[in-house]
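Here's the letter readout for the chains.
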Amino acid sequence: MFEVLSNETLAPNLHRMVVRAPRIATARRPGQFVIVRADRGEERIPLTIGDADPAEGTITLFVQAIGASTRRIVSTPAGGSLRDVAGPLGQPTHIEQFGRVACVGGGVGTAVLYPLAKALAAAGNEVTSIIGGRSSQYIILADELAALSHELLVTTEDGTRGRKGFVTAALADLMADPERAPRLVLAVGPVPMMRAVAELTRPHGIQTLVSLNPIMIDGTGMCGGCRVVVGGESKFACVDGPEFDGHRVDYASLMDRLTTYREFEDAARCAADECRLGEVANG
Amino acid sequence: MANDLAMKERLAIPRVHMPELDATERSRNFAEVNRGLEMTDAVREAQRCIQCKHRPCVDGCPVGVSIPEVLDALAAEDLPLAARILRGDNALPAVCGRVCPQETQCEAKCVRGVKGDAVAIGYLERFVADWAMANPDRLGQADRPAASDRTVAVVGAGPAGLTAAGELARAGHRVTVFEALHDTGGVLRYGIPEFRLPKEIIDSEVEQLAALGVAIDCNVIIGKTLTLDQLRAEFDAVFIANGAGLPMMLDLKGENLKGVYSANELLTRVNLMEAGRNPAATTPVIAGKSVAVIGGGNTAMDCVRTARRLGAQRAMIVYRRSEAEMPARVEEIKHAKEEGVEFVMLTAPLEIIGNESGWVAALRCRRMELGPPDDSGRRKPVPVEGSEFDLPADVVVNAIGTRANPLLTATAPDLDLNTWGNIVVDDAGATSLPGVFAGGDMVRGGATVILAMGDGKRAAAAINRALAG
């Protein structure tokens, strides 16, 4: 059992949880993830390790409540415990001094981006963080990223915070400025966003890494369910990734495979919302 | 005593039949197919054993169970004695009695099989093991040797690891089993379906080990959570049995369409995560109406019979050789046929065809014919020109095999591996690193449960010798 030490809401349906997992806290490197089950019978959910404190033996997880199993995780209060936390899994991010680096995060992807930006900054890189969301309430970790970034740019689709529009517009401006143009771009967020970033950087030959989130079960290379096509080859995101060369990823295939269980997810969401809808209908 | 039967009487007894669930009924549920023998039938079958002096059946058993002694005790209706002997030799008898290929092992060597039918050793092993599970209070307390204060780490809670853990704990060592998944059993739990091996059997066998003092630490991935070097520093010996859990890809066009599963993914979803067989399960599975399973081994049979139970109207085995060359057990093939599985033989897959929404629509195949034998001694399949055809399918399962998972070995550069990434060991199971032993599929590539258990037993004996020395 893994004790939950704190659980706070960062944005609608997005929680930051600190969990006691000493072995993982010690072994973990930025870019790696864990598989979590709140209890028996739940799905195995892959979650990026947002931060770790080896001295305290704790890891920080950012959890977006989408389906039944993620709802069970975020509903575990401080003092409660998660039955299974396994990791650290996946390849750590390759961290070195690249020079100027742009870290681009969309929505909950910003939580996956945060440990990478932190490690790149600590390695002496000049980090520009660009984060976006639908509206201001979906902008997360802005203070944390501002503290470690040379510059923080915020975009929202509705203009309620920062620049109105998408992260790609802010990135395009950055790239156009010779004083600020990045040597490396990291992009984490919805698949269309990562694809748009990769298409933006491709003509300029700027190395671009994306962190992929395909459907996963064991997280150890056993089932192959998380396979993605990179450079025409099948790769397992859980053991070969989750980061890949953004210019070589087959985004269309990734997006399509992500819809495999849509019917089940819709049914689960309906079941979870049923009571409330019933109340509205009857009220 | 009942086992004082004259030879003539023993020879006159016909081989027992295993009671099975009705094929139509069972092809739609996950209940265990083989129901187990009744006491009188089991005793009578045990009396068929002629107790020959040279005990060839024992040589045929990879873990060397004292089969004639177990059968003699059973024939005399002394179940506690039979159970004690069996459990002393085999850490997982209720598992072996169900999934071992006895027809190529102990029963293949049975003298009774020379003229007639071999004694049904597998059925009797299962009977004695199940009796022991149901009657723990009648077994008596097994003698526990004095604690040795030596510690052993076992990597993987599958058949090899659990067997080694039992042997080492019985020798008095303090054993910790590290398991990457959230539950024990390895391939026994994620790979073998409920209708062949009910999960409660695994739970019960693991409880036996816990009662011997074995500590089981789930959610620990050696090579990730802890390294082999950390285990070597912390324990007096290490036994690596982390399996061959990496699916081989078909490398066919269309392999990433929705509805294409590796055998491991389909089986893990249904067996470990209970998708499609427990209404409360939260993990989904795509239940095809027309399912094509590529491969001819036991895993392929498990997949196709699972697909049938998930509701497939057509569940097909697509295999490039003929039925005679299939590596699957005869019993699995028989059960699959009874359950309505179609065998599409001498057929090789060429491409998986998708529909406009990215789902599998068909498996494009080509007919094969058998040519001269290849390296494996089996006749090599050769394509028949112009024989391409499409099998309509909405789910395609790749059951062509697995290979070594590099998670552990990638972080242990000093460990000698072969070309395929399997750990190299000597006859005793020792690796190139002092104090580190290995066995099971991580050494052999994809093999059977009982061979993995044999490795566990052999390595445990070597570890016992090393720790005593």
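Think of each chain on its own: its residues are numbered from 1, step by step along the sequence as written. The lettering of chains begins at A and the numbering of ligands begins at 1, in the order of writing. It should be noted that, the model being predicted, local features are given only for residues of pLDDT at least 70 and side-chain atom pairs only at 80 or more, the latter also being counted only at that level, while totals for whole chains, interfaces and linings use all residues. Calculation of side-chain values draws on the structure's entire complement of heavy atoms; hydrogens and water are dropped beforehand.

J.: Please give an account of the environment of B:Ala237 that cites residues and values.
T.: Residues and elements named next belong to chain B. Segments assigned H or I by DSSP are reported as helices when at least four residues long, segments assigned E as strands when at least two residues long, and all are numbered from the N terminus. Here Ala-237 shows up in strand β4 (residues 237-240). The spacing of Ala-237 and Ala-438 is 201 residues in sequence and 11 Å in space, taken between C-alpha atoms. Contacts are residue-level and defined by heavy atoms, with any inter-residue pair within 4.5 Å sufficient. Once residues lying within four places of it in the same chain are set aside, the contact partners of Ala-237 are Thr-151, Val-152, Ala-153, Gly-435, Ile-463 and Leu-467.

J.: Hey, could you go over the confidence of the model for chain A for me, with residue numbers and the actual values?
T.: For chain A, the average pLDDT comes to 92, and 96% of its residues sit at 70 or higher. Scored from 0 to 100, pLDDT records how confident the predictor is in each individual residue. Scored below 50 in pLDDT, residues 278-283 of chain A shows 0 contacts in the model against residues more than four places distant or in partner chains.

J.: Could you give me a rundown of the sheet that holds strand β8 (residues 100-106) of chain A, with the residues and numbers involved?
T.: Residue and element names in this part refer to chain A. Pairing is mixed across the open sheet formed by 7 strands, whose spatial order is β11-β10-β9-β8-β12-β13-β16. Since the sheet does not close on itself, it has two edges, and those belong to β11 (163-164) and β16 (243-245), each with one partner. Each of β8, β9 (126-133), β10 (151-156), β11 and β12 (184-188) touches helix α5 (residues 167-176); the most contacted strand, β9, lies at about 155° to it. When DSSP finds two or more bridges between a pair of strands, those strands are recorded as paired. For helices, the fitted axis covers only the stretch in contact; all axes are lines through C-alpha atoms, and the angles between them, taken along N-to-C directions, range from 0 to 180 degrees.

J.: Can you break down the domain arrangement of chain A residue by residue, with the values?
T.: You'll often see interface size given as the accessible area lost when the parts meet. Residues and elements named next belong to chain A. In this document the domain limits rely on a domain assignment from an automatic tool or a database. Split into domains, chain A comes out as domain 1 (2-89) and domain 2 (100-211). A C-alpha centroid distance of 24 Å is found between domain 1 and domain 2. Contact with domain 1, which involves 14 residues of that partner, is made by 13 residues of domain 2. Note on terms: buried area is the combined drop in 1.4 Å-probe accessible area of two parts once they are placed together, counting the loss on both. When the two sides are added together, the surface that domain 1 and domain 2 hide from each other amounts to roughly 1,000 Å², 69% of it contributed by carbon and sulfur. Taken as a group, Pro-12, Thr-48 and Phe-62 account for 36% of the area that domain 1 buries against domain 2, more than any other trio of residues on that side. In this structure, Arg-16 and Glu-144 form a salt bridge, with 3.1 Å as the shortest nitrogen-oxygen distance. Polar contact criterion, stated in full: a pair of N or O atoms within 3.5 Å, where within protein one must be able to donate a hydrogen and the other to accept it, and residues adjacent in sequence count only if both atoms are side-chain atoms. Our enumeration of links across domain 1 and domain 2 arrives at 2 residue pairs in polar contact (both at pLDDT 80 or more). A side-chain nitrogen of Lys or Arg and a carboxyl oxygen of Asp or Glu constitute a salt bridge if their distance falls within 4 Å.

J.: Describe the interface of chain B and chain A, and please don't skip the residues or the numbers.
T.: Taken together, the contact pairs 38 residues of chain B with 42 residues of chain A. Buried area between chain B and chain A, summed over both chains or domains, comes out near 3,200 Å², and the portion from carbon and sulfur atoms is 55%. Where chain B touches chain A, the interface holds 2 salt bridges. One salt bridge connects B:Lys258 with A:Asp256, and the closest N-O pair in it is separated by 3.0 Å. Among the secondary structure elements, those contributing two or more residues to the side of chain B that touches chain A are β5 (246-247), β6 (260-262) and α14 (263-272) of chain B. If one sorts the elements of the side of chain B that touches chain A by residue count, α14(B) sits on top with 4 residues. Residue composition of the side of chain B that touches chain A, grouped by class: 19 nonpolar, 13 polar and 6 charged. Note on residue classes: Ala, Val, Leu, Ile, Met, Phe, Trp, Tyr, Cys and Pro are nonpolar, Asp, Glu, Lys and Arg are charged, and everything else, Gly too, is polar.

J.: So what about the sheet that holds strand β5 (residues 58-64) of chain A? Which residues, and what values?
T.: Residue and element names in this part refer to chain A. The antiparallel open sheet is built from 7 strands, whose spatial order is β6-β1-β2-β5-β4-β3-β7. Each edge of the sheet is formed by a strand with only one pairing partner; in this case those strands are β6 (81-82) and β7 (84-89). Packing of helix α3 (residues 109-122) onto the sheet brings it into contact with β4 (45-53) and β5, and relative to β4 it is tilted by some 35°.

J.: Summarise the environment of B:Leu467; cite the residues concerned and give the values.
T.: All names here are of chain B. Looking at the secondary structure, you find Leu-467 in helix α18 (residues 449-468). Whether a residue is buried, partly exposed or exposed follows from its accessible area with a 1.4 Å probe, protein chains only, as a fraction of its type maximum: under 20%, in between, or over 50%, in that order. With a relative accessible area of 9%, Leu-467 lands in the buried category. Beyond its immediate stretch of four places on either side in the chain, Leu-467 contacts Arg-150, Val-152, His-173, Asp-236 and Ala-237.

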